[in-house]
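# Structural features, examined
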Amino acid sequence: MADLLEVSGLTKRFGGLVAVKDMHLRVGAGEILGLIGPNGSGKSTVMKLIMGIEKPNAGSVRIGGVEVAGMPSHRIARMGVGIVFQHSRPLHRQTVLENIKLALLPDSLLQLFAASHIDDRAREIAARVHLDHVMDRLPGTLPFADLRRLELARAIARNPKVVLVDEPFAGLTSGEVADFSALIASFRAEGHAVLLVDHNVKSVAALVDRALAMYLGEFIAEGTADAVMKDETVRRVYLGGAIQTAARTPLEANNSAPLLEVEDVSVFYGKAQALQNVSLHVGAREFVSVVGLNGAGKTTLFNAISGLVPSTGKIRFDGHDLTGRTGAQIARAGIVQCPESRELFGEMSVRENLDLGGQHLPRDVSARQLEWLLELFPILKSRHSQAARTLSGGEQQMLAIARALMMQPRLLILDEPTLGLAPVILEQLSKALENLRQNTEITVLLGEQNVTFALPHADRVYVLEHAHFIWEGSPERFAVEAGAQFL
Amino acid sequence: MSNTKTFAIAAIVVVALACLPFGVSGYVLGLLTLAYYFGVFAMSWDLLFGFAGEVNFGPSFLIGLGAYTAGMLNHYAHMPIWGCVILGSLASVIGGLLLAIPALRLSGPYFGLTTLVAVLLLQNVIVLFAGWTGGEIGLDLPDVLSIDDRNNYWISLAFMTISGAILFGLSRSAVGLILQASGQDAIQAGALGFNVTKHKLAAFCVSALFSGLAGAMLIFYEGTASPGTVVDIGVGVQVIIAAVLGGRRTILGAALGAIFLIVAGEILRPLGEISTFIVSAVALAVILFFPGGFLGTLLHRGAR
Ligand SMILES: Nc1ncnc2c1ncn2[C@@H]1O[C@H](COP(=O)(O)OP(=O)(O)OP(=O)(O)O)[C@@H](O)[C@H]1O
Ligand SMILES: [Mg+2]
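Residues numbered from 1 in each chain as written. Chains lettered and ligands numbered in written order. Predicted model: local features only at pLDDT ≥ 70, side-chain atom pairs only at ≥ 80, totals over all residues. Heavy atoms only, no water.

What follows deals with the site of ligand 1. All names here are of chain A. Near ligand 1 lie 22 residues; those nearest to it are Ser 44, Thr 45, Arg 383, Ser 392 and Glu 395. Between ligand 1 and Gly 394, the relevant distance is 2.7 Å, taken from an oxygen atom to a main-chain nitrogen or oxygen of the residue. Contacts to ligand 1 include Glu 395, whose side-chain N or O atom sits 2.7 Å from an oxygen atom. Those elements that place two or more of their residues in the shell around ligand 1 are strand 2 (17-27), helix 1 (43-51) and helix 15 (393-406). In the shell around ligand 1, the residues fall into 5 nonpolar, 13 polar and 4 charged. When residues of the shell around ligand 1 are assigned to domains, at least three map to each of domain 1 (3-239) and domain 2 (260-485). (Near = heavy atom within 4 Å. Polar contact = N/O pair within 3.5 Å; in protein donor to acceptor, adjacent residues only side chain to side chain. Helix = DSSP H or I, 4+ residues; strand = E, 2+ residues; numbered from the N terminus. Nonpolar A, V, L, I, M, F, W, Y, C, P; charged D, E, K, R; others polar. Domains from an automatic or database assignment.)

A word on the domain arrangement of chain A. All names here are of chain A. Assigned domains within chain A: domain 1 (3-239) and domain 2 (260-485). The straight-line distance from the C-alpha centre of domain 1 to that of domain 2 is 30 Å. On the side of domain 2, 20 residues touch domain 1, which itself brings 20 residues to the contact. Summing both partners gives a buried area of about 1,400 Å² for domain 1 against domain 2, and 55% of it is carried by carbon and sulfur. Taken together, domain 1 and domain 2 are joined by 0 salt bridges. (Contact = heavy atoms within 4.5 Å. Buried area = accessible area lost by both parts, 1.4 Å probe. Salt bridge = Lys/Arg side-chain N within 4 Å of Asp/Glu carboxyl O.)

All names here are of chain A. Across the sheet, 4 strands lie side by side as 12-11-14-15; this open sheet has antiparallel pairing. If you trace the sheet from one side to the other, it starts and ends with strand 12 (272-283) and strand 15 (320-321), each paired once. Relative to the sheet, helix 10 (residues 298-305) contacts strand 11 (258-269), strand 12 and strand 14 (312-317), its axis offset from that of strand 11 by approximately 115°. (Pairing = 2+ DSSP bridges. Axes fitted to C-alpha atoms, helices over the stretch in contact; angles between N-to-C directions.)

Our focus in this paragraph is the coordination of the magnesium ion (ligand 2). All names here are of chain A. Looking at the magnesium ion (ligand 2), one finds its protein donor set to be Ser 44 (OG) and Gln 86 (OE1), positioned 1.9 to 2.3 Å from the metal centre. Of this pair, Ser 44 sits in helix 1 while Gln 86 is found in the loop between strand 6 (81-84) and helix 3 (96-104), placing the two residues 42 residues apart along the sequence. In this pair, the class of Ser 44 matches that of Gln 86, namely buried. (Donors = N, O, S within 2.8 Å, 3.2 Å for Na, K, Ca; no water. Buried < 20%, exposed > 50% of the residue type's maximum accessible area, 1.4 Å probe, protein only.)

Looking now at the side chain of Asp 198 of chain A. Residue and element names in this part refer to chain A. One can find Asp 198 in the loop between strand 8 (193-197) and helix 7 (201-207). Although Asp 198 is buried, it makes no salt bridge; Arg 148 carries the closest opposite charge, 6.9 Å away. In terms of polar contacts, Asp 198 uses its side chain to reach the backbone amide nitrogen of Phe 169, at 2.8 Å. Side-chain polar atoms of Asp 198 contact the backbone nitrogen of Asn 200, separated by 2.8 Å. Discounting chain neighbours no more than four positions away, the residues touching Asp 198 are Leu 35, Ile 36, Glu 167, Pro 168, Phe 169, Ala 170, Val 204 and Tyr 238. (Lys, Arg positive; Asp, Glu negative; His and termini not counted.)

It is worth spelling out empty space enclosed by the protein at this point. Across all of its chains, the model carries 2 cavities of 30 Å³ or more by this definition. As a volume, the largest cavity reaches approximately 80 Å³. Considering the residues around the largest cavity, the lining is formed by Ala 77, Val 81, Gly 82, Ile 83, Arg 154, Ala 155, Arg 158 and Pro 160 of chain A together with Gln 188, Ala 191 and Leu 192 of chain B. At the level of elements, strand 6 and helix 5 (144-156) of chain A together with helix 9 (186-191) of chain B are the ones that each hand at least two residues to the lining of the largest cavity. Grouping the amino acids of the lining of the largest cavity by side-chain chemistry returns 7 nonpolar, 2 polar and 2 charged. Taken as a whole, the second largest cavity encloses approximately 30 Å³ of empty space. In terms of lining, the second largest cavity is formed by Ile 401, Leu 405, Leu 412, Leu 414, Leu 429, Ala 432, Leu 433 and Leu 436 of chain A. Every element with two or more residues in the lining of the second largest cavity is listed here: helix 15, strand 17 (411-415) and helix 16 (423-439) of chain A. (1 Å grid on protein atoms, 1.4 Å probe; cavity = no way out; pocket = protein on both sides within 12 Å on 5 of 7 lines; lining within 4 Å. Points joined across faces, edges and corners; volume = space filled by probe spheres on them.)

What follows deals with a nonpolar patch on the surface. On the surface, Trp 82, Ile 86, Leu 87, Leu 90, Ile 94 and Leu 98 of chain B cluster together into a nonpolar patch covering about 650 Å² of accessible area. Mapped onto the fold, Leu 87 of chain B is located in helix 4 (residues 81-103). (Patch = residues over 30% accessible without salt bridge, like charges linked within 9 Å, V, L, I, M, F, W, Y side chains within 5 Å. Areas by Shrake-Rupley, 256 points an atom, 1.4 Å probe, with all protein chains shown as cover.)

Residue and element names in this part refer to chain B. With a phi close to 50°, His 78 is a non-glycine residue in the positive phi region. By the element assignment, His 78 lies in the loop between helix 3 (59-77) and helix 4. A residue is classified by how much of its surface remains accessible, and His 78, at 57% relative accessible area, is exposed.

What follows deals with the nonpolar core. Residues Ile 100, Leu 102, Ile 184, Phe 377 and Phe 478 of chain A are the most contacted members of the largest nonpolar core, which totals 109 residues. Element by element, the count of residues in this core is highest for helix 15 of chain A, at 8 residues. Summarising the domain contributions, this core has at least three residues from each of domain 1 (3-239) and domain 2 (260-485) of chain A. Once residues within four sequence positions are removed from consideration, Leu 102 of chain A is found in contact with Leu 91 and Arg 154 of chain A together with Leu 177, Ile 178, Ala 181, Leu 192 and Phe 194 of chain B. (Core = buried A, V, L, I, M, F, W, Y, C linked by side-chain atoms within 4.5 Å.)

Residue and element names in this part refer to chain A. Applying the stated rule across the entire model yields 30 salt bridges over all chains. With its nearest N and O atoms 3.2 Å apart, the salt bridge here joins Arg 78 to Asp 107. Of this pair, Arg 78 sits in helix 2 (residues 73-78) while Asp 107 is found in the loop between helix 3 and helix 4 (116-128), placing the two residues 29 residues apart along the sequence. Residue class for Asp 107 comes out buried when judged on its relative accessible area of 11%. We note a salt bridge from Asp 355 to Arg 351, for which the minimum N-O separation is 3.3 Å. In this pair, Asp 355 and Arg 351 are both assigned in helix 12 (residues 350-357), 4 residues apart and thus about one turn of the helix distant. Exposure remark for Asp 355: the relative accessible area of 34% places this residue in the partly exposed category. For Arg 351, a relative accessible area of 37% gives the class partly exposed.

Let us now look at the interface of chain A and chain B. The interface of chain A with chain B comprises 30 residues on the first partner and 22 residues on the second. Around 2,300 Å² of area is buried between chain A and chain B when both sides are counted, 61% of it from carbon and sulfur atoms. Of all residues in chain A, Arg 93, Asp 107 and Leu 109 of chain A give up the largest surface area on contact with chain B, accounting jointly for 25% of the area buried on that side. Between the two partners, chain A and chain B, sit 2 salt bridges. Arg 89 of chain A is paired through a salt bridge with Asp 185 of chain B; the nearest N and O atoms lie 2.6 Å apart. Taken together, the links from chain A to chain B amount to 9 residue pairs in polar contact (both at pLDDT 80 or more). Of all elements in the fold, only helix 2, strand 6, helix 3 and helix 5 of chain A reach the threshold of two or more residues within the side of chain A that touches chain B.

Next up, the structure:
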């Protein structure tokens, strides 16, 4: 029997860059193929080529034996292909129910009213991905994981034969990952062919039937997940080593006045309380991690500190009260946040984004800083004139972090920096943080739910749950006292 | 707001408006008659901008095409009004398609720029062939819709009501949802199996149809077709301001905005030059401080 999805000789060039080169892969009915590779290796591009969102320069894509390469994406969708994008993109003015219904409508100009069975079907699908309790809410009010569920619901609405899933686990907690894994496994059980991309190596390995690795747009290895992970090249270019906890010299500055003091801070969004009387302090040169599940309030806390959302309570930085200061003033005082949403200037090049970050620095300092950052993230160097909008997910994350560092902040706030990064980059980032700690005066506040990354870089850890802190202590005690739900 | 409630409010407003001729002067009726045609221009524009996400800087291209086709047929071929109006709106759909098919391939602001250039072209053609078209002065029409103020008023009110109902219904329908998806995120809509170009083209056709229809009706109300009333860039700008003022994505708000603009402009007219300034300043203030427009802001308050 022919495989449901067959790709061969697939090639895609963006200007001088060959993003995908002579790729081949096949996925059969009832099979999950894991596609792994470092950031920018071309995984998402392969998916977009299959879906018809990008047109291949060469090669063939067959769905159930029918050639679809070069067709517009709406026709490929109707041939039975569905995609879950790396970034959620719901219709923001429509409710969850309407968003799912949309995916069920026929592509006709004459169908003015949705048939009644569409409503029922939409509810069925929502129940399947556990969205049934939020049917009438707007996507903007949903927690992160539910947005990903919505994305999944829309992709499977038409019951496609081939499902392409791009980084479903990014930003999810381990409980949610298990949930999503089960859902994806159920697609397999129903005979769909699933192509899965994710950097959560453990979860991918546990789920897939086969794995295929790519690097710089090219095939490098294929086989069982175990075999691929053991492959020499895969280890070198993708997995890297384990993240090390460096021995921490206790900070002599610990008993000096804290750099950042947050006292009794609350934040309301409309009626909902997102942060409830939260207090926290960060000493100069201290590295503090705030861990918490999705929706616990980490981003809200950081936004309150950066002056991006109005809050009650007191926030002092270096002894000065920040109440009433604008976000721009706070940034100039030395608090720089690298937001989860990245906030890059999409139409500007990588280099321009970085230069903007270093604008207030003297020429030679910014040049040195730039050089150091490009060494840290070499891929940004090779992409320096590319528009930020077209970078791969992981490349965008690196750029966001690099731009924040360009500003030479006194207090760096990193919100979920690991989102979408390949293991090997995590290792580099980890080393970079250690390097900063040894050689600069920087203070870091790190928000993460990935505790394997958060703990090795923390002098102290706070646990945030349902809008307030439930635990504070050293990383060593964390595993024993608070880690159960994270580890 | 639920659909039944919208319907109820709209029905009350329409009935109240229909009773106006028994209470107000012919001068006021004339003003409102004009405003209702403008209301249809603005609603058609909102379907394209608010739903399909395409900014048409040249609504008066579609309006003018419909108006002049109808006018010339009447003037030269002595075709009855209904025939002129039908062929006029058809011309505006065809002209619109000729413009939109290549223009929709361009992304970003380029679509809008193309539509802008189209208006300038149309205006130039009318002036260049002044011998045929009447040029800047305009084209006299042998026929008019009616010579009675009240009849003219009712015709335009009925026309706006029906057009509004159709456009509003369309925006709330299944195709309206697909259209919004195409406007907000064309890539996603494509991946969900929707032919984005087809849906946007259809929206453009509908918008062109009603614009052309309203343009043709308007000149038969006025008895003359001139660039200043149906083609000039300024007319298009008024339509756009009206729609944004009334509330993007609401369709019905666009009609409110149009009525406001025309009535306010007339009330302030004795002030001379400064009246345009005041109306523009008010429009700017609304857009800056209530980006939802009249109806958008109202609905938002109601929803809380
Ligand atoms: N439109 C474009 N123009 C230029 N370069 C592009 C464009 N789209 C993607 N690229 C480049 O192609 C390469 C492959 O990108 P792709 O998004 O496929 O990577 P990926 O493997 O999905 O990475 P990640 O794991 O970070 O998501 C990247 O280096 C990216 O910068
Ligand atoms: Mg990707």
